[in-house]
Amino acid sequence: MELFNAKVHYDNCRFCWMCRQVCTVATMTSDESHSPRSRGMAAFAVEKGILPFDEHVAQNMYECCLCKYCNSWCEGDYDPTEFIIAARRDAVAQGLEPAVIRRLKDTLLNAGNVFDCTEKDEEFTRLWSRLPSRGDILLIAGSIIPYRAPKIAEASLSVLRACGVEPAAIDETTGGFELYCLGYADEARRAVEKLTAEIAAAGAKTIVTLDTQERYFLSELSKLFGLELTAKVLHWSEYVSSLKLPQLKAKSELVTYHDDSFLARYCGVTDAPRACIKAVPGCKYQDMLWFGEEAHATPSALFQFMYPNIADQMLTRRAKDYFKTQADTLITGAAIDRVNMRDMGIKAVSIQEYLESAL
Amino acid sequence: MPAHAVNKINMAELNHNYRGRMIISELEDAVGIQNVRLLDVDKLPHSVDYYWIPRMWVDRGKKPVYPDCVVYPETTEQVSKVMRIASHYRIPVTPWGGGSGSQGGALPVEGGIVVDLKRMNKVLELNTKANTITAQAGIIQQHLEWEINDKGYSTMHLPASIGCATLGGYLAHRGTGVLSTKYGKIEDMIVSMEVVLPNGDIINTLPVPRNAAGPDLNQFFVGAEGTLGIITTATVKVFEHPECRMFNAFLFKNMHDSLEAGRLIMNARLQPTVIRMYDEPETIHQIERVFGTKLEKGSFLVFGFDGEKEIVDYQMKKAVEICEATAIQNLGSKFGEQWWKNKYKFYFPPYCLDLPQAYGTMDTVATYDKIENIYWKMKTTCEQFPGTRFIAHFSHWYDWGCMMYDRFIVDPAFVPEDPDEAIRLYQQIWTECIRVCLDNGGVINEHHGVGLKLGYMMQEQYGPAFQVLSALKKALDPYNIMNPGKMGF
């Protein structure tokens with residue numbers, strides 16, 4: 001089983017409780033079997049033949065939001081997501097994945113996104129089709145923005161142009177990383193291979209991702225998929241914070257920023273978004289109580305479709321963190337957070353939209 | 001052997017037994033279908049706690065003792081309903097908080113129902129006039145802390161298990177935290193509590209902990225490890241954040257000198273927040289390893305004070321003077337701060353003790369005139385076992401004595417692969433060391449509790465006095481359904 005390749009992680013997690021208080025799902029559900037310790041013990045028990053690897057163990061391994069809070073909290077740097085994703089691959093190989101996961105796979109293979117949208121937003125398509133398909137700087141819009149938040153693409157482009165950058169873009173549709181997270185390794189690899197070939201054909205030196213999930217998986221292609229990209233991968237905030245910005249309009253509102261799991265915990269990028277925000281003259285910035293790598297996790301779009309009740313609780317908790325700051329606006333790095341927080345009635349903007357509003 | 005046998009329904013045959021299925025339906029009616037678990041993937045994590053024996057058992061590929069089902073009540077009334085069902089059918093009930101105890105206290109060794117309290121995790125009231133907080137007992141202590149920290153308060157109960165253990169769990173086994181020397185153990189922090197008795201009745205202790213209205217009911221249930229009932233709600237003290245907290249560390253030539261320095265600080269009534277002193281082997285094994293700093297051979301001692309700065313400055317000055325009289329090196333405040341920052345790091349892998357070693361924490365407490373002798377007697381006894389070493393630190397200090405957090409570690413090469421043989425060796429070490437401790441004025445435990453691990457030593461420790469505890473147990477739980485196999489019951 002692939003699970004056993006992640007033995008170092010579950011061996012060290014199986015009897016360790018030290019991250020329980022930060023485990024997002026275990027905190028939401030208060031369910032003992034959702035703690036990293038319990039999942040590690042289940043993995044070990046499977047190895048020893050104490051537990052059969054059945055649909056119940058598989059289900060348990062899917063009930064994780066992959067926020068990596070456990071890993072970032074761990075003094076030993078052990079990572080439960082390593083054995084959880086391995087177990088998901090085994091579940092897929094043995095046909096043990098829950099029905100909701102199979103449906104999501106079909107959606108991802110069909111549409112390339114979790115929303116089951118086969119058409120991208122018209123505004124987005126119009127904007128993207130005007131960009132060259134080759135260039136030094138290549139924008140990757142990801143799997144949320146073209147369907148749910150096209151304004152972020154527009155804002156991204158406006159700011160870059162104001163800085164004198166004329167990027168290229170490709171009309172990528174993948175779902176590869178989501179498939180990877182669900183344990184569909186072969187399907188994920190095929191999807192990502194196609195994307196990688198398109199990126200390579202664009203001849204870019206720097207890939208700028210507008211969303212955060214892509215910042216992670218494109219940087220880790222080699223580890224995750226055995227693929228290589230020669231171009232450097234940066235999140236939009238990292239790239240823009242390295243540019244000379246034009247004179248920006250002053251803003252006086254109090255703002256805060258939500259560090260999403262992919263950018264903060266997976267990539268360790270926490271300064272660049274703040275640098276972008278603080279570049280706005282007059283900006284009053286207040287971090288939430290839980291920020292950076294310790295920010296309370298919000299659900300990925302994928303997890304929202306997997307376990308919507310837990311995802312709702314995660315969002316509610318983060319919204320409470322936001323309200324405690326008394327900030328006027330919540331700025332997000334991940335597009336899905338901007339979408340979800342707006343759905344909750346919060347004034348949320350992406351980092352790109354915030355900077356664009358100061359142009 | 002249990003004091004009296006449980007006459008229980010054989011729920012283990014649940015899947016083949018319609019009566020068992022009917023009882024499960026009653027439990028589902030009591031707590032909701034979504035709060036009853038019957039799958040092995042849910043039972044497994046409730047069958048292993050921090051105790052070495054079940055961990056080793058699983059490590060050797062052996063199936064641990066599963067509960068027959070796990071329930072997650074959300075209210076006291078639901079706990080009461082579960083207890084009435086269990087009492088009626090005489091089914092064993094094991095309360096489960098974080099399951100992070102090291103004594104096997106939460107293990108469902110006779111099967112039955114595990115009552116996992118973690119869904120009873122609400123903060124009910126922060127009373128800033130009385131400086132108390134009332135919360136459901138299943139709240140994880142760190143969550144309770146975080147809830148009140150940004151309001152300017154702390155429970156000051158900060159054990160290494162803070163992230164995983166629950167408020168009820170600490171009360172059930174008389175837990176203690178790193179700041180206990182000033183703020184007390186959990187039994188000093190309890191104000192009042194609500195308890196569900198084995199028959200399902202819900203009772204409350206008196207609203208204040210100091211009175212002359214008879215024996216203290218709080219202290220019947222604190223430390224009873226769920227053998228007398230289930231703590232469902234507790235009111236404990238809270239403290240405003242101190243203006244400052246300062247630390248200083250010293251290195252002494254040996255443990256005798258550092259122990260004496262700690263005693264003098266306590267005798268001077270300087271009220272340190274914490275004193276922690278490590279013997280020479282643990283100074284090397286833990287301090288150097290975790291800090292990544294090479295120290296001279298010796299015994300490491302760190303102390304801290306908190307409160308108003310002016311007072312803390314004075315306390316620090318006096319404590320430094322005491323230590324400087326005999327220490328070989330003043331490591332300064334930076335080293336002390338580093339210790340404070342890393343205080344939980346010792347318990348993460350790879351820094352913590354773990355299999356394939358055999359290990360155990362035999363923490364004890366004794367008066368100052370006896371504690372050093374107990375250390376040497378236990379060390380000598382322990383190290384007679386091949387491949388076994390003994391390390392200790394002294395964590396919780398009182399006016400009259402201090403607690404010794406002593407551990408034995410058996411090198412993997414000397415731990416039998418056969419689990420039965422491993423248990424035999426393990427029990428021999430425990431029995432001989434604890435007996436030496438008792439014979440020289442110590443007690444079987446200071447803050448980890450008794451549980452399954454030390455239950456068999458309770459009669460030996462208490463002698464005829466154990467009949468008082470047994471009578472109390474029999475009166476409240478005549479069928480021994482509450483956490484059977486623990487505390488010597």
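Quick notes on the rules
- Residues numbered from 1 in each chain as written.
- Chains lettered and ligands numbered in written order.
- Predicted model: local features only at pLDDT ≥ 70, side-chain atom pairs only at ≥ 80, totals over all residues.
- Heavy atoms only, no water.
- Helix = DSSP H or I, 4+ residues; strand = E, 2+ residues; numbered from the N terminus.
- Rg over C-alpha atoms; globule rule 2.2 N^0.38 Å.
- Buried < 20%, exposed > 50% of the residue type's maximum accessible area, 1.4 Å probe, protein only.
- Contact = heavy atoms within 4.5 Å.
- Areas by Shrake-Rupley, 256 points an atom, 1.4 Å probe, with all protein chains shown as cover.
- Lys, Arg positive; Asp, Glu negative; His and termini not counted.
- Charge placed at Lys NZ, Arg CZ, Asp CG, Glu CD.
- Salt bridge = Lys/Arg side-chain N within 4 Å of Asp/Glu carboxyl O.
- Domains from an automatic or database assignment.
- Buried area = accessible area lost by both parts, 1.4 Å probe.
- Polar contact = N/O pair within 3.5 Å; in protein donor to acceptor, adjacent residues only side chain to side chain.
- Nonpolar A, V, L, I, M, F, W, Y, C, P; charged D, E, K, R; others polar.

Draft legend 1. Examining the overall build of chain A more closely. Within chain A, the secondary structure is distributed over 21 helices and eight strands. For a compact globule of 359 residues, the expected C-alpha radius of gyration is about 21 Å, and chain A comes in at 20 Å, within 12% of that figure. Taken along its principal axes, the extent of the C-alpha atoms in chain A is 65 × 45 × 35 Å. Each of the 359 residues in chain A was classed as buried or not, and the buried ones make up 67%. A sequence separation of at least 24 residues applies to 75% of the contacts in chain A between residues at least 6 apart. Of the accessible surface of chain A, which amounts to about 12900 Å², a share of 47% is contributed by carbon and sulfur atoms. With 40 positive and 49 negative side-chain charges, chain A shows a spacing of 3 Å between the two charge centroids.

Draft legend 2. The arrangement of the pattern of salt bridges in detail. All told, the structure shown has 52 salt bridges over all chains when counted by the stated rule. Residues K324 of chain A and D150 of chain B are paired through a salt bridge, measuring 3.6 Å at the closest nitrogen-oxygen approach. Here D150 of chain B lies in the loop between α5 (141-149) and β7 (153-154) and K324 of chain A lies in helix α19 (residues 308-325), a pairing that spans two chains. Under the relative-accessibility criterion, K324 of chain A is labelled exposed at 56%. For D150 of chain B, a relative accessible area of 38% corresponds to the partly exposed category. In this structure, R435 of chain B engages E460 of chain B in a salt bridge whose closest nitrogen and oxygen atoms are separated by 2.5 Å.

Draft legend 3. Structural view of the domain arrangement of chain B. Residues and elements named next belong to chain B. The domain architecture assigned to chain B consists of domain 1 (11-118 + 471-476), domain 2 (123-240), domain 3 (244-347) and domain 4 (358-448). Counting from both sides, the interface comprises 11 residues of domain 2 and, opposite them, 14 residues of domain 3. Each partner contributes to the roughly 1000 Å² buried at the junction of domain 2 and domain 3, and carbon and sulfur atoms together form 64% of this total. When the area that domain 2 buries against domain 3 is broken down by residue, the three leading residues are V178, T181 and K182, summing to 56%. Counting across the domain 2 and domain 3 interface gives one salt bridge. The shortest N-O distance in the salt bridge between K182 and D306 comes to 2.7 Å. Inspection of the region where domain 2 meets domain 3 yields three residue pairs in polar contact (both at pLDDT 80 or more). A per-class count over the side of domain 2 that touches domain 3 returns eight nonpolar, two polar and one charged.

Draft legend 4. Structural view of the interface of chain A and chain B. Between chain A and chain B, the contact holds 35 residues from the first and 46 residues from the second. A buried area of about 3300 Å², summed over both sides, lies between chain A and chain B, and 67% of it is on carbon and sulfur atoms. Sorting the residues of chain A by area buried against chain B places F15, W17 and M18 of chain A first, and these three jointly supply 20% of that buried surface. Counting across the interface, chain A meets chain B through five salt bridges. Of the charged contacts, one joins R37 of chain B and D31 of chain A as a salt bridge, the two residues approaching to 2.4 Å between their closest N and O atoms. Where chain A touches chain B, the interface holds 18 residue pairs in polar contact (both at pLDDT 80 or more). Looking at the side of chain A that touches chain B, the elements with two or more residues in it are α2 (24-29), α3 (36-48) and α4 (55-62) of chain A. At seven residues, the largest contribution of residues to the side of chain A that touches chain B is made by α3 of chain A. Grouping the constituent residues of the side of chain A that touches chain B by class yields 17 nonpolar, 10 polar and eight charged.

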